[in-house]
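An overview of the molecular structure
Here is how the chains run, residue by residue.
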Amino acid sequence: MRNIWNRVAIGSCVAAAALVVLPLGLILWHLLAHGLSGFNLAFFVSMPKPVGEAGGGMANAIVGTLIIVGLGAAVALPVGVASGVYLAEYGRGRFATMVRYTADLLGGVPSIVVGVAVYGLVVLPMGRFSAIAGGIALAILMLPTLIRSTEEIVRLVPQSYRQGALALGAPRWRVTQQVVLPAARSGIVTAAMLAVARAAGETAPLLFTALGNRFWSTELDQPMATLPVFIFDYARAPYDDWNRQAWTGALVLVLLVTVISAVLRITVRRIRAH
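To start, this report covers the structure provided alongside it.

So, how was this worked out
- Residues numbered from 1 in each chain as written.
- Predicted model: local features only at pLDDT ≥ 70, side-chain atom pairs only at ≥ 80, totals over all residues.
- Heavy atoms only, no water.
- Helix = DSSP H or I, 4+ residues; strand = E, 2+ residues; numbered from the N terminus.
- Buried < 20%, exposed > 50% of the residue type's maximum accessible area, 1.4 Å probe, protein only.
- Contact = heavy atoms within 4.5 Å.
- Lys, Arg positive; Asp, Glu negative; His and termini not counted.
- Charge placed at Lys NZ, Arg CZ, Asp CG, Glu CD.
- Patch = residues over 30% accessible without salt bridge, like charges linked within 9 Å, V, L, I, M, F, W, Y side chains within 5 Å.
- Areas by Shrake-Rupley, 256 points an atom, 1.4 Å probe, with all protein chains shown as cover.
- Salt bridge = Lys/Arg side-chain N within 4 Å of Asp/Glu carboxyl O.
- Axes fitted to C-alpha atoms, helices over the stretch in contact; angles between N-to-C directions.
- Parallel < 35°, antiparallel > 145°, perpendicular 65-115°, else oblique.
- Left-handed = near helix turned anticlockwise from the far one by under 90°.
- Nonpolar A, V, L, I, M, F, W, Y, C, P; charged D, E, K, R; others polar.
- Phe/Tyr/Trp six-rings, centres within 6.5 Å; stacked < 30°, edge-to-face > 60°.

The number of helices and strands found in the protein is 12 helices and 0 strands. Each helix and strand of the protein, placed in order from N terminus to C terminus, yields the pattern α-α-α-α-α-α-α-α-α-α-α-α. Dimensions of the protein, computed from C-alpha atoms along their principal axes, come out at roughly 70 × 60 × 35 Å. Across the 274 residues that make up the protein, the buried fraction comes to 39%. Across the protein, every contact between residues at least 6 apart in sequence was considered, and the portion connecting residues at least 24 apart equals 75%. If the 21 positive side-chain charges of the protein are averaged to one point and the 11 negative ones to another, these points end up 16 Å apart.

This part takes up unusual backbone geometry. Of note in the backbone geometry, Leu211 takes a positive phi value of approximately 70° without being a glycine. Mapped onto the fold, Leu211 is located in the loop between α10 (204–207) and α11 (227–235). For Leu211, a relative accessible area of 36% gives the class partly exposed.

Attention shifts here to a nonpolar patch on the surface. A surface patch of nonpolar side chains, about 640 Å² in accessible area, is lined by Leu32, Leu36, Phe39, Leu41, Phe44, Val45 and Leu255. Summarising the element assignment, Phe39 is placed in the loop between α1 (2–35) and α2 (41–45). For Phe39, a relative accessible area of 33% gives the class partly exposed.

Contact geometry of helix α6 (residues 131–155) with helix α9 (residues 185–200) gives a least axis separation of 8 Å together with a crossing angle of 155°. Overall, the two elements α6 and α9 adopt an arrangement that is roughly antiparallel. Two packed elements cross with a definite hand, and for α6 against α9 that hand is right-handed. For the pair formed by α6 and α9, the contact residues are Leu138, Leu141, Met142, Thr145, Leu146, Ser149, Thr150 and Ile153 on the first element and Gly187, Ile188, Ala191, Ala192, Leu194, Ala195, Val196, Arg198 and Ala199 on the second. Residues belonging to the contact of α6 with α9 are distributed by class as follows: 12 nonpolar, 4 polar and 1 charged.

Moving on, we come to the pattern of salt bridges. Taken as a whole, this structure holds 11 salt bridges when the rule is applied. For Arg198, the salt bridge is made with Glu202, and the minimal N-O distance between the two is 2.4 Å. A residue is classified by how much of its surface remains accessible, and Arg198, at 31% relative accessible area, is partly exposed. On the basis of relative accessible area, Glu202 is assigned to the buried category, the value being 14%.

Considering all chains together, one arrives at 7 aromatic pairs under this definition. Measuring from ring centre to ring centre gives 5.4 Å for Tyr239 and Trp242, while their planes differ by 65°; the resulting arrangement is edge-to-face. For Tyr239, a relative accessible area of 33% translates into the label partly exposed. Put simply, the rings of Phe230, Tyr234, Tyr239 and Trp242 touch in pairs and so form one group of aromatic residues.

Given below as structure tokens:
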């Protein structure tokens, strides 16, 4: 009887895991079915065509997405990881409680609200939409995931690691830097990937900050094209060719996040191997 119940429990766990993977599989299949037809070299190297003219690509949007997501990550990663380490290692008071509460609150704020806030705080004082404003909006969206995930991951590092290093006479900051962080490195990278993936597909905040641009532009203080905004505009357009390109853009966006995640994982593994 115990073997039967054991198999039932294992089968239930496998079924639950399959249910988790199923939505992702359906999304990928749907994107491949509708977007693969437009997946060609021209899509990556060509600029958008004028309204009503077939063809073209999203080269400017692909580059713009990489720039703005990179800006957001450059701001959010140091702040988020440092805050998470502080909460896990030193956060024992009212200030730490306030930081945790703020991170949880930011995690529940709709992205469009973040976009409106950055519009008022950055766009209006600058006098124009810009990639900088878009990067700040995405950084704010990344922070809650980074802070709370880093905190939990650092807490998982065994206390014996810290105690052993402290017993050898190492100061607390050096223990954190040279013992705790290397042990939690892979988990922190995973948290960073989750944060980047969460922000890379956001459209609403970019509509209020980076706005969009049908021309080639890499000026950080100017409006910049992004894949999510192009997908949004093309998907609701009354042109079949634009609708097809919207599906291809969604597929490319998923592939970009996948490639970035794979590169980070491979890099971490090589660092750990050495």
